[in-house]
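# Fold and contact review
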Amino acid sequence: KVDGEDTEVSFDELLEGYSRQSDYTKKTQAVAEERKAIEQAKEQFKTEYANLQTERQQYQQALGQLGAQLNAGIMRYQNVDWAKLKEDDPVAYVTKRDEFREEQERIQMVQQQMQQVKQQSQEDAAKMHREAVVTETAKLKELIPEWNDSEKQPALSKSIREYALAEGYQKEEVDSLIDSRSVNVLLKAMRY
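Residues numbered from 1 in each chain as written. Predicted model: local features only at pLDDT ≥ 70, side-chain atom pairs only at ≥ 80, totals over all residues. Heavy atoms only, no water.

For helix H3 (residues 90-143), spanning 54 residues, the distance from its first C-alpha to its last is 78 Å, which sits close to the expected 80 Å at 1.5 Å a residue. Every buried residue belonging to H3 is among Tyr93, Glu103, Ile107, Val110, Val117, Asp124, Glu136 and Leu140, and all of these are buried. (Helix = DSSP H or I, 4+ residues; strand = E, 2+ residues; numbered from the N terminus. Expected span 1.5 Å × (residues − 1). Buried < 20%, exposed > 50% of the residue type's maximum accessible area, 1.4 Å probe, protein only.)

A few words on helix H6 (residues 180-191). Each turn of an α-helix holds 3.6 residues, which means side chains three or four residues apart point in the same direction. Between its first and last C-alpha, H6 extends 16 Å over 12 residues, near the 16 Å set by a 1.5 Å rise per residue. Of the positions making up H6, those classed as buried are Ser180, Val183, Asn184, Leu186 and Leu187. Burial along H6 is one-sided: seen end-on, the buried residues are contained in an arc of 160°. Summarising the geometry of H6, the exposed residues directed more than 90 degrees from the buried face are Arg181 and Val185. Buried-residue contacts for H6 involve H3 and helix H4 (153-166). (Arc of directions from axis to C-beta. Contact = heavy atoms within 4.5 Å.)

Inspection of every chain in the model, using the stated rule, returns 5 aromatic pairs. The interplanar angle of 65° and the centroid separation of 5.5 Å between the aromatic rings of Tyr77 and Phe100 together place this pair among those described as edge-to-face. You can see Tyr77 sitting in the loop between helix H1 (11-74) and helix H2 (82-88) and its partner Phe100 sitting in helix H3, a full 23 residues away along the chain. Classification of Tyr77 by relative accessible area gives buried; the value is 4%. On the basis of relative accessible area, Phe100 is assigned to the partly exposed category, the value being 23%. Summarising the aromatic geometry, the rings of Trp82 and Phe100 are spaced 5.7 Å apart at their centres and angled 50° between planes, so their arrangement reads as tilted. Taken together, the residues span a long stretch of sequence, with Trp82 in helix H2 and Phe100 in helix H3 at a distance of 18 residues. Connected via pairs of aromatic rings, a cluster forms that spans Tyr77, Trp82, Tyr93 and Phe100. (Phe/Tyr/Trp six-rings, centres within 6.5 Å; stacked < 30°, edge-to-face > 60°.)

Here the focus is the pattern of salt bridges. Enumeration over the complete set of coordinates arrives at 13 salt bridges. One salt bridge connects Lys42 with Glu39, and the closest N-O pair in it is separated by 3.7 Å. Of the two residues, Lys42 and Glu39 are both situated in helix H1; the distance of 3 residues between them amounts to about one turn of the helix. On the accessibility criterion, Lys42 (41% relative accessible area) is partly exposed. Residue classification places Glu39 among the partly exposed positions, given a relative accessible area of 41%. For Asp175, the salt bridge identified is with Arg161, shortest N-O distance 2.6 Å. Placement of Asp175 in helix H5 (residues 171-175) and of Arg161 in helix H4 is noted, with a sequence separation of 14 residues between them. Taking the relative accessible area as the measure of exposure, Asp175 reaches 43% and is therefore partly exposed. (Salt bridge = Lys/Arg side-chain N within 4 Å of Asp/Glu carboxyl O.)

Have a look at this one:
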């Protein structure tokens, strides 16, 4: 049977067709298994990334608490009369001055660590945003055929933008809009 109709074929054609079908089935199963493995890897990455973000936030909070403690500790040097201490007790002056410098260095190290964590978080967020833009642009090309036409796309994009602004969207909202579904809904609303 081919497309629901009986068709006569020779034994060799039947055998060849079966071999092709078997090969096709094996390849299709292999592709399905690869996709499943990729999806599992993506899910594992998302989970690990979420865990990393949580750990990073906890680390940042701990650094903030440590910084606050160090700042409170350095306040004990605020009322020290350094000139008088240097005159009255040079050994205590050198000791306190060294302690004060060590506290300042600790505070600077904590601040540097906080800055590094913040910068890494910003870089990760920017990377995720870029990836989302690429993904959503691909989805837009599926949802809106005109989006594939490099001549029509800029005008269409401009029309959707102007429509959204006319309907009360804020400029910042329109500028940050990357969700393909939202763009598609705006296009449909604009057209109808």
